[in-house]
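Here are the chains, one letter per residue:
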Amino acid sequence: MASTDTTTKTGPGHGGTVADYTGVEAGLDALDAVVTQRNSTADTLRQKVLPPLLGVVLVLALWQGAYSLHVTTAYKLPSPLDVWRAAEDLWYQGTLFSIIWTSVWRGLSGFVVAVVIGTPIGLLVARVKPVRAALGPVLSGLQSLPSVAWVPAAVIWLGINDSMMYAVILLGAVPSIANGLVAGIDQVPPLFLRAGRTIGATGLTGARHILLPAALPGYLAGLKQGWAFSWRSLMAAELVASSPDLGLGLGRFLENQREFSDMAGVLLGIILILFVGIAIELLVFTPVERRVLRNRGLLASGK
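Below is a summary of the structure that appears in this document. The structure displayed is predicted, hence computed values, not measured ones.

Definitions and cut-offs
- Residues numbered from 1 in each chain as written.
- Predicted model: local features only at pLDDT ≥ 70, side-chain atom pairs only at ≥ 80, totals over all residues.
- Heavy atoms only, no water.
- Helix = DSSP H or I, 4+ residues; strand = E, 2+ residues; numbered from the N terminus.
- Buried < 20%, exposed > 50% of the residue type's maximum accessible area, 1.4 Å probe, protein only.
- Contact = heavy atoms within 4.5 Å.
- Expected span 1.5 Å × (residues − 1).
- Bend = angle between axes of the 7 residues up to and from the residue.
- Salt bridge = Lys/Arg side-chain N within 4 Å of Asp/Glu carboxyl O.
- Axes fitted to C-alpha atoms, helices over the stretch in contact; angles between N-to-C directions.
- Parallel < 35°, antiparallel > 145°, perpendicular 65-115°, else oblique.
- Left-handed = near helix turned anticlockwise from the far one by under 90°.
- Nonpolar A, V, L, I, M, F, W, Y, C, P; charged D, E, K, R; others polar.
- Phe/Tyr/Trp six-rings, centres within 6.5 Å; stacked < 30°, edge-to-face > 60°.
- Polar contact = N/O pair within 3.5 Å; in protein donor to acceptor, adjacent residues only side chain to side chain.
- Core = buried A, V, L, I, M, F, W, Y, C linked by side-chain atoms within 4.5 Å.

**Here's the deal with the overall build of the protein chain**
Of regular secondary structure, the protein chain possesses twelve helices and zero strands. Moving toward the C terminus, one meets the helices and strands of the protein chain in the order α-α-α-α-α-α-α-α-α-α-α-α. Here the protein chain holds 303 residues, and 35% of them are scored as buried. At a minimum sequence separation of 6, the contacts of the protein chain that also span at least 24 residues come to 68%.

**Describing helix H5 (residues 129-144)**
Since the α-helix turns once every 3.6 residues, residues separated by three or four places project in the same direction. Between its first and last C-alpha, H5 extends 22 Å over 16 residues, near the 22 Å set by a 1.5 Å rise per residue. Where H5 bends most, the angle comes to about 40 degrees, and this point is Leu135, followed within four residues by the proline Pro137. Of all the positions in H5, only Gly136, Leu139 and Gln143 are classed as buried. Among the structural elements, helix H4 (96-127), helix H7 (162-186) and helix H10 (216-240) are those in contact with the buried residues of H5.

**What about the pattern of salt bridges?**
For the structure shown, the criterion picks out eight salt bridges. Taking the shortest distance from any N to any O, the salt bridge between Asp186 and Arg132 comes out at 2.5 Å. Of this pair, Asp186 sits in helix H7 while Arg132 sits in helix H5, and the two are 54 residues apart along the sequence. Among the residues examined, Asp186 registers a relative accessible area of 44% and is labelled partly exposed. Between Glu259 and Arg252 there is a salt bridge, with the nearest N and O atoms lying 4.0 Å from each other.

**Regarding the packing of H4 against helix H12 (residues 263-295)**
In the contact formed by H4 and H12, the axes pass within 11 Å of each other and the chain directions differ by 50 degrees. Between H4 and H12, the crossing angle belongs to the class labelled oblique. In terms of crossing hand, the pair formed by H4 and H12 is right-handed. Where H4 approaches H12, its residues Leu96, Ile100, Val104, Leu108 and Phe111 are matched on the opposing element by Leu272, Val276, Ile280 and Phe285. For the contact of H4 with H12, the residue count by class is nine nonpolar, no polar and no charged.

**Quick look at the packing of aromatic side chains**
Scanning the entire structure with this criterion turns up six aromatic pairs. Ring centres of Trp227 and Trp231 lie 5.6 Å apart, and the angle between their planes is 20 degrees; this geometry places the pair in the stacked category. Of this pair, Trp227 and Trp231 both sit in helix H10, four residues apart, which is roughly one turn of that helix. Comparing Trp227 with Trp231 shows no difference in burial state: the two are buried. Within the aromatic cluster, the residues linked to one another by ring pairs are Phe111, Trp227, Trp231 and Phe285.

**Some words on the side chain of Glu238**
In this structure, Glu238 sits in helix H10. Within polar-contact distance, the side chain of Glu238 engages the side chain of Arg106 at 3.0 Å. If sequence neighbours within four positions are ignored, Glu238 has contacts with Ser103, Arg106, Met165, Gly249, Leu250, Gly251 and Arg252.

**Focus on the nonpolar core**
In this structure, Leu223, Trp231, Leu250 and Leu268 are the most contacted members of the largest nonpolar core, which totals 55 residues. Among all residues touching Leu223, those that are not within four sequence positions of it are Phe111, Val115, Ile177 and Phe285.

The following block contains the structure:
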């Protein structure tokens, strides 16, 4: 008499029980499942807001302690309150936001143009071997060249104007963006490209729908580095070049305070430059990066 117990039935040609296969399938489903547990507001504040605040408080405490202990003269190391008063002076003069915006606008607009130029260059270098052999080492060399080295040449070529500023930004950012895309494309599995050719996604269509999405993590890393180079290049240009036609940006403000021997103003300029860099990272690149990781199943949706 045949048994009706399902645990004694075997899969076709494999010798395992039905219960065994059911258990394996359940285990695989559990591995594929992503736990989506949203953190409470208190947990978010404790995990993401409190640590940076504590870091800032620690730096301010050490700074104030060094000032109070007279580690060096107040001329060289003003107190945090002195720097705060320098910021208040700019606020009451109505120039604080205009100084920040002058540099932010130049940096972001130059970065956007660098992305438009660097992306096709990266695609060509990554996919065309002769182009890679010719331009690959050049891009790597340009990426390692300090941005400030381009300022004297740009001044001679274009004069002291906005065009010079943007030229320095592009020369600093385009190689990083292109190299980031090349690195991302190099990590794309060949199977993706073969699958794209199978469905007819070749040329620009394949680059848009197959190559760029697959290379997105490396490309995004290149974009982040490109923004860092854009911002550093701009600050170098503003520090060196001076003209009433350029307006007053953060780099020029920093150099002006150095010429006035105003250390509180110098530290304020450094803090504002740092603040803008961190703000762009948190407001632009971090959300995009988290979305990319989440879409690839590398980050729980509740995080």
